[in-house]
Amino acid sequence: MLLRFITSGESHGKGLIGIVEQMPAGVEIGEEDINRELQRRQKGYGRGGRMKIESDRVEVFSGIRNGYSLGSPIAYLIRNQDFENWQEIMAAGECKRHEEKVLNRPRPGHADLAGAMKYNQADMRNILERASARETAARVAAGAIFKKLLESFNIRVYSQVKSIGPVQAKTWQVNEQNWQDLLEKVDESPLHLVDTEKESLMMEAIDQARAKGESLGGSFEVGVIGMPPGLGSHTSWESRLDSQISALLMSIPAIKAVEIGEGIANSAKPGSRVHDEIFYNEEEGLHRKSNRAGGIEGGISNGETVWARAYMKPIPTLYKPLTSVNTKSWQEEKADIERSDICAVPAAAIVGESMLAFVIARAFLEKFSGDSLDEIRKSYSVYQAYLKRVWKWEKI
Ligand SMILES: Cc1cc2nc3c(=O)[nH]c(=O)nc-3n(C[C@H](O)[C@H](O)[C@H](O)COP(=O)(O)O)c2cc1C
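Residues numbered from 1 in each chain as written. Predicted model: local features only at pLDDT ≥ 70, side-chain atom pairs only at ≥ 80, totals over all residues. Heavy atoms only, no water.

### Quick look at the overall build of the protein
Rules: Helix and strand definitions follow DSSP, with helices as H or I runs of at least four residues and strands as E runs of at least two, each counted in order from the N terminus. Restricting the calculation to C-alpha atoms gives the radius of gyration, and the globule rule supplies 2.2 Å times the number of residues raised to the power 0.38. A 1.4 Å probe rolled over the protein chains alone gives each residue an accessible area, and that area as a share of the maximum for its type sets the label: buried under 20%, exposed over 50%, partly exposed in between. Per-residue and other accessible areas were derived by the Shrake-Rupley procedure at a 1.4 Å probe size, with only the shown protein chains allowed to occlude residues.
Summing up its helical and strand segments, the protein has 12 helices and 17 strands in all. Its C-alpha atoms give the protein a radius of gyration of 22 Å, within 12% of the compact-globule value 21 Å for 396 residues. Reported as C-alpha extents along the three principal axes, the dimensions of the protein are approximately 75 × 50 × 40 Å. Expressed as a percentage of its 396 residues, the buried residues of the protein come to 51%. Here the protein has roughly 19,100 Å² of accessible surface; of this, 51% comes from carbon and sulfur atoms.

Set out below in structure tokens:
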């Protein structure tokens, strides 16, 4: 069986639950490793009031003992601190009806209407509660676990914000030499970026959006340093690494476009200015001087940094709401408002790291399978020796 995880939980329910299955035994994981990632997701200029209430902390229920994974399912809980204000409304037993919390003017761009039609729900809160991106906290907790596995093999996941609304920032070309600097820089930035000169322009754009009852989207880059060649496969559509990365980045709420490497710019250029030429010398072995392909050819990692960009639409809840329909009176009215972020691109980038960590960890375990970290290490070192011997591959 392949590595997998599921999440459950409603935005104002008791909390979020996650279960990670098929993690090998012997990976060092502490609750603090998970809490650190949860805190990274909660930051970012442009977030709403909710982030001030919630200070996410994980409680691990199973699968980790004495600081190491056991090989059994890892189950965890992140409590919603706001639940105490919602107990009567979100109870599993009989709920008290609070008219002001009933949602029947669906927000354009949110799951409210489509979900209500699909699940036959008069109160669209029954859709909102699960469609809310609060769920992504449970993904980030799982991502922290996958990152710990990857770190055992010196594989690191990073992200950096590229744009907020119309404001574009410079990004770094990330490599083995500068990834640590990048991590420090983006974690210090209120917008999770390296181009600090653009920070104030972006914050201004967010402030203006807030003042006008508007919202903003943007884009981020997410990547993996220390990638071995050979993850993913050209042999079937579902094993292609690029298709898995795109699908999982697209699974993040509000992400509406994904490109692998320079995918979009490449589509307008001649092949000679796109494809990354292959070089060889004694010192470096096989190597490239560019990485416009995003480290993947034929659905297989080629040993370069794997990187992709994800594009986020503006947040659908607007404090100056768009036209909608009241599904009780069938009159056109302004959409409902639920406490909301104005811009959440920095947080989405952290969720992006988690989803990418999942794809890479799953592909890694598929190739170097084993029940314990030691077993996987052995199989990885055999592969490394083979790459060096046959392909003069020096990087990993
Ligand atoms: C980290 C993050 C935070 C978000 N915060 C909000 C929010 O506060 N309010 C809101 O309306 N949508 C927010 N969204 C976007 C919605 O969850 C998303 O647009 C909605 O679920 C509909 O899904 P779709 O946009 O993929 O169609 C957020 C998304 C992410 C990734």
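### Notes on the sheet that holds strand β10 (residues 255-260)
Test applied: By definition, two strands form a pair when at least two bridges between them are found by DSSP.
In spatial order, the strands read β8-β7-β9-β15-β10; together these five strands make up an open sheet with antiparallel pairing. Both edges of this open sheet fall to β8 (167-168) and β10, since each of them pairs with a single strand only. Pairing analysis gives two bridges linking strand β7 (residues 156-164) to β8, with the strands arranged antiparallel. Paired with serine 163 across the two strands is glutamine 168, which belongs to β8.

### Points about the sheet that holds strand β3 (residues 58-62)
Basically, it comes down to this: Axes, fitted as lines to C-alpha atoms, cover a helix only where it is in contact. Angles between the N-to-C directions of the axes lie from 0 to 180 degrees.
As summarised here, the arrangement of the four strands in space is β1-β2-β6-β3, forming an open sheet in which the pairing is antiparallel. Edge positions in the sheet fall to β1 (4-8) and β3, since each of these pairs with one other strand and no more. Neighbouring strand axes in the sheet, compared pairwise and without regard to direction, differ in orientation by 20° on average.

### Quick word on the environment of leucine 241
For clarity, the threshold we go by: Here a residue-residue contact requires only that any non-hydrogen atoms of the pair lie within 4.5 Å.
With respect to the secondary-structure elements, leucine 241 resides in helix α9 (residues 241-250). Those residues in contact with leucine 241 that lie beyond four places of it in its chain are Met227, Leu231, Gly232, Ser233, Ile296, Gly299, Ser301, Val359, Ile360 and Ala363.

### Observations regarding a nonpolar patch on the surface
Quick note on the threshold: Every patch collects residues that have over 30% relative accessible area and no salt bridge, joining them within 9 Å if they carry like charges and within 5 Å if they are nonpolar side chains (Val, Leu, Ile, Met, Phe, Trp, Tyr). Salt bridge, as used here, is a side-chain nitrogen of Lys or Arg placed within 4 Å of a carboxyl oxygen of Asp or Glu.
Taken together, the side chains of Ile6, Ile17 and Ile19 make up a nonpolar region of the molecular surface, amounting to roughly 250 Å² of accessible area. Topologically, isoleucine 17 is positioned in strand β2 (residues 15-21). The exposure class assigned to isoleucine 17 is partly exposed, which follows from its relative accessible area of 39%.

### A short note on the pattern of salt bridges
Per the counting criterion, the structure on display carries 29 salt bridges. In this structure, arginine 40 engages glutamate 353 in a salt bridge whose closest nitrogen and oxygen atoms are separated by 2.8 Å. You can see arginine 40 sitting in helix α1 (residues 31-42) and its partner glutamate 353 sitting in helix α11 (residues 345-367), a full 313 residues away along the chain. On the accessibility criterion, glutamate 353 (0% relative accessible area) is buried. Sharing partners across several salt bridges, the network here consists of Glu37, Arg40, Lys147, Asp187 and Glu353.

### Overview of the site of the ligand
Our working rule: Whether a residue is near a molecule or strand depends on its heavy atoms: it is near if one of them lies within 4 Å of it. Think of a polar contact as two N or O atoms within 3.5 Å of one another; within protein, one of them needs to be a possible hydrogen donor and the other a possible acceptor, and neighboring residues in sequence only count if both atoms come from side chains. For this classification, the nonpolar set comprises Ala, Val, Leu, Ile, Met, Phe, Trp, Tyr, Cys and Pro, the charged set comprises Asp, Glu, Lys and Arg, and every other residue, Gly included, is treated as polar.
Every one of the 19 residues lining the ligand counts as a neighbour, but Lys256, Lys313, Thr317, Ser340 and Asp341 are closest to it. The backbone of alanine 254 places a nitrogen or oxygen atom 2.9 Å from an oxygen atom of the ligand. With the chains in place, 87% of the 630 Å² that the ligand exposes on its own is no longer accessible. Considering only residue class, the shell around the ligand consists of 11 nonpolar, four polar and four charged.

### A short note on the nonpolar core
Operational definition: By convention a nonpolar core is built from buried Ala, Val, Leu, Ile, Met, Phe, Trp, Tyr and Cys residues, the set being connected through side-chain atoms within 4.5 Å.
Core analysis: the largest hydrophobic core is formed by 81 residues, its most contacted members being Val20 and Ile245. Those residues within four positions of isoleucine 245 in sequence are excluded, and the remaining contacts are Ile260, Ile296, Val306, Ala308, Leu356 and Val359. Grouped together as the second largest cluster of nonpolar side chains are eight residues, Tyr158, Trp179, Val194 and Trp307 included.

### Concerning the packing of helix α6 (residues 136-151) against α11
In a packed pair of helices, the relevant descriptors are the angle between the two axes and the axis-to-axis distance. The condition is simple: Here roughly perpendicular refers to angles of 65 to 115 degrees, roughly parallel to angles under 35, roughly antiparallel to angles over 145, and oblique to all remaining angles. Left-handed describes a crossing whose near helix is turned anticlockwise from the far helix by less than a right angle; the clockwise case is right-handed.
For the pair α6 and α11, the least separation of the axes is 8 Å and the interaxial angle reads 45°. Judged by the angle between their axes, α6 and α11 are oblique. When you trace α6 past α11, the crossing you get is left-handed. Residue-level inspection shows Thr136, Arg139, Val140, Gly143, Phe146, Lys147, Leu149 and Leu150 of α6 in contact with α11, the latter providing Ile350, Val351, Glu353, Ser354, Met355, Ala357, Phe358, Ile360, Ala361 and Leu365.

### Structural notes on the packing of α9 against α11
The interhelical angle for the contact between α9 and α11, taken along N-to-C directions, is 150°, at an axis separation of 9 Å. Between α9 and α11 the crossing geometry is right-handed. Here Leu241, Gln244, Ile245, Leu248 and Leu249 of α9 come into contact with α11, specifically with Gly352, Met355, Leu356, Phe358, Val359, Ile360, Arg362 and Ala363. Looking at the contact of α9 with α11 residue by residue, the classes come out as 10 nonpolar, two polar and one charged.

Interpretation note: all reported values are geometric properties and have no functional meaning in isolation.
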